[in-house]
Amino acid sequence: MFRISPSKKDAVAAAVPLDPVTQWTQDHNFAFPPALTFNDDDVHRHHQQFKEIRELPKVGYPLYHLISQYNPWLDCEMTREKRAFLAPRVGEFCCPVYVGSAVDHFFRNDTVVDIVNLYLWPLLHSRADEVVACETFADWRRLFTQTISLAFPDYEYWCSVAAGGGGGSAFIPSVSEQRRTARILKYMTPARVLYLLTTRAGFWPYGGSAQQYGICSVKPKIKEYTDKTKIDWLVTANFLRKMKRVHVYFTSVTGGTFGVSSVSSNSLCAYDTDDLDL
C-alpha cells in the first residue's frame, strides 16, 4: 500500500497556507478554543443553559441578531476577520444569558460580548497557566495589561482618546468621541473583566461544579478591589485549556424560539447591582 513518508507529509502541510486568523493566533500564542458541538463526549455534563444551534443563523433573522452581538466601535486590526472565524454554525452551542431591567445598565452593552469572544476565550485557553497563577488582583491587572492589546490592538490609542489625546498623532478627538470611547473603556478594565469570571457575577458559562457559574471567587465588590485582593481559582489550568467555546449572548426572551430550545431558569444570573454601577 502506497504511503506518504512523514517528511513528505510535513512538506505537503507546509505548502497549504493557513487562514489569516489561524496564522495570527499561532504567531501570538492567543488561539481560540474549539467550539462545543453535539459530537463532544462531555456536552451532556455541562449546564442545561447550553443550547444547540439547530438552524443556520441568517442575516435579518432574530437568532442572527441575538447570537452575533458585537460593538462595531471596537473594530481594529483582525477583529472583523476574527468575528467571521467565530461565527455560529449549526451543531455548535450557544449560551443565552437572561438580562433583567435591574442590570441592563451594565450587561446590555455589546462590548461585553466582544470582550468574551475576542479576549477571554483565547486568554483562558492559551494562557491558562498564567491565568491561574494570578493570586491577587495586582497579578491579574499585570496579565491584563500585557495581553489586552492582543485582542484589541488599538486599546492604548483608545485610552489616549478617552483622556483627550491623539495617541501621539496630530489628531485631536472630538468631545463626543472622547465620551463614547471613555464609556466603552469603562467595560474594558481589569476589574470588570475579572468580574465576568467570578461566581459573584454568575455570568461565565462554566464553573467549578455543574450548579455553579464562574471559575473564580473574589470576595470584595469591584469598587473594593485592591492590589492585595485575593483571587481563588476554582478550576485548574488544564480545565481552562479544555473548555469548549460557546456563543454567549444577552437576551430578555425566556421562551424557546429562533432555532434553539427554551432558556432554562439557570440562565438567570444573580448579579449584585452594586458591582455594576458605572
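Residues numbered from 1 in each chain as written. Predicted model: local features only at pLDDT ≥ 70, side-chain atom pairs only at ≥ 80, totals over all residues. Heavy atoms only, no water.

1. Here we look at the overall build of the protein
No. 1: Counting its secondary structure elements, the protein contains 13 helices and five strands.
No. 2: Partitioning the contacts of the protein with sequence separation of at least 6, the portion at a separation of at least 24 is 75%.
No. 3: Accessible surface, the protein: about 14,100 Å² in total, of which carbon and sulfur atoms supply 53%. (Helix = DSSP H or I, 4+ residues; strand = E, 2+ residues; numbered from the N terminus. Contact = heavy atoms within 4.5 Å. Areas by Shrake-Rupley, 256 points an atom, 1.4 Å probe, with all protein chains shown as cover.)

2. Side note on the packing of aromatic side chains
No. 1: Under the definition given, this model contains 12 aromatic pairs.
No. 2: Between the aromatic rings of F152 and W158, the centroid separation amounts to 6.0 Å while the plane-to-plane angle is 50°, which identifies the pairing as tilted. Taken individually, F152 and W158 each receive the classification buried, so the pair is uniform in this respect.
No. 3: Their ring planes at 35° and their centres at 5.8 Å tell us that F203 and F250 sit as a pair that is tilted. Taken together, the positions of F203 in the loop between α11 (190-195) and β3 (216-217) and F250 in strand β5 (residues 247-251) put the pair 47 residues apart, joining distant regions of the chain.
No. 4: Of the residues examined, F203 reaches a relative accessible area of 1% and is grouped as buried.
No. 5: Between the NZ or CZ atom of K82 and the centre of the ring of W24, over which it lies, the distance is 3.6 Å.
No. 6: In this arrangement the basic side chain of R180 is found over the ring face of W73, its NZ or CZ atom lying 3.6 Å from the centre. (Phe/Tyr/Trp six-rings, centres within 6.5 Å; stacked < 30°, edge-to-face > 60°. Buried < 20%, exposed > 50% of the residue type's maximum accessible area, 1.4 Å probe, protein only. Lys NZ or Arg CZ within 6 Å of the ring centre and 35° of its normal.)

3. Overview of the side chain of T136
No. 1: Here T136 is to be found in the loop between α7 (128-132) and α8 (137-151).
No. 2: The exposure class assigned to T136 is buried, which follows from its relative accessible area of 14%.
No. 3: Among residues more than four places away in sequence, those in contact with T136 are D227, K228, T229, K230 and I231.

4. Remarks on the confidence of the model for the protein
No. 1: Residue-level pLDDT values for the protein average 79, and 71% of them are 70 or greater.
No. 2: The low-confidence segment residues 255-271 (pLDDT under 50) makes 50 contacts with residues lying over four places distant or belonging to another chain. (pLDDT = per-residue confidence, 0-100.)

5. Quick look at the environment of S209
No. 1: With respect to the helices and strands, S209 occurs in the loop between α11 and β3.
No. 2: Along the backbone, S209 and L234 are 25 residues apart, and their C-alpha atoms lie at a distance of 9.0 Å.

6. Notes on the sheet that holds β5
No. 1: Taken in spatial order, the three strands make up an open sheet running β1-β2-β5, and their pairing is mixed. Of all strands in the sheet, those bounded by a partner on one side alone are β1 (51-52) and β5.
No. 2: Across two bridges, the pairing between β1 and strand β2 (residues 93-98) is antiparallel. If you follow E52 over to β2, its bridge partner there is F93. (Pairing = 2+ DSSP bridges.)

7. Thoughts on the pattern of salt bridges
Pairing between side chains becomes possible if they bear opposite charge and their charged atoms approach one another.
No. 1: Taken as a whole, this structure holds eight salt bridges when the rule is applied.
No. 2: Through salt bridges with shared partners, a single network forms among D75, R80, R83 and D114. (Salt bridge = Lys/Arg side-chain N within 4 Å of Asp/Glu carboxyl O.)

8. Details of the packing of helix α9 (residues 155-162) against helix α10 (residues 175-185)
No. 1: Viewed as axis vectors pointing N to C, α9 and α10 meet at an angle of 125°, and their least axial separation amounts to 8 Å. Between α9 and α10, the crossing angle belongs to the class labelled oblique. Judged by the twist between their axes, the crossing of α9 over α10 is left-handed. Facing Y155, W158, C159, V161 and A162 of α9, the residues of α10 in contact are E177, Q178, T181, A182 and L185.
No. 2: Partitioning the contact of α9 with α10 into residue classes produces seven nonpolar, two polar and one charged. (Axes fitted to C-alpha atoms, helices over the stretch in contact; angles between N-to-C directions. Parallel < 35°, antiparallel > 145°, perpendicular 65-115°, else oblique. Left-handed = near helix turned anticlockwise from the far one by under 90°. Nonpolar A, V, L, I, M, F, W, Y, C, P; charged D, E, K, R; others polar.)

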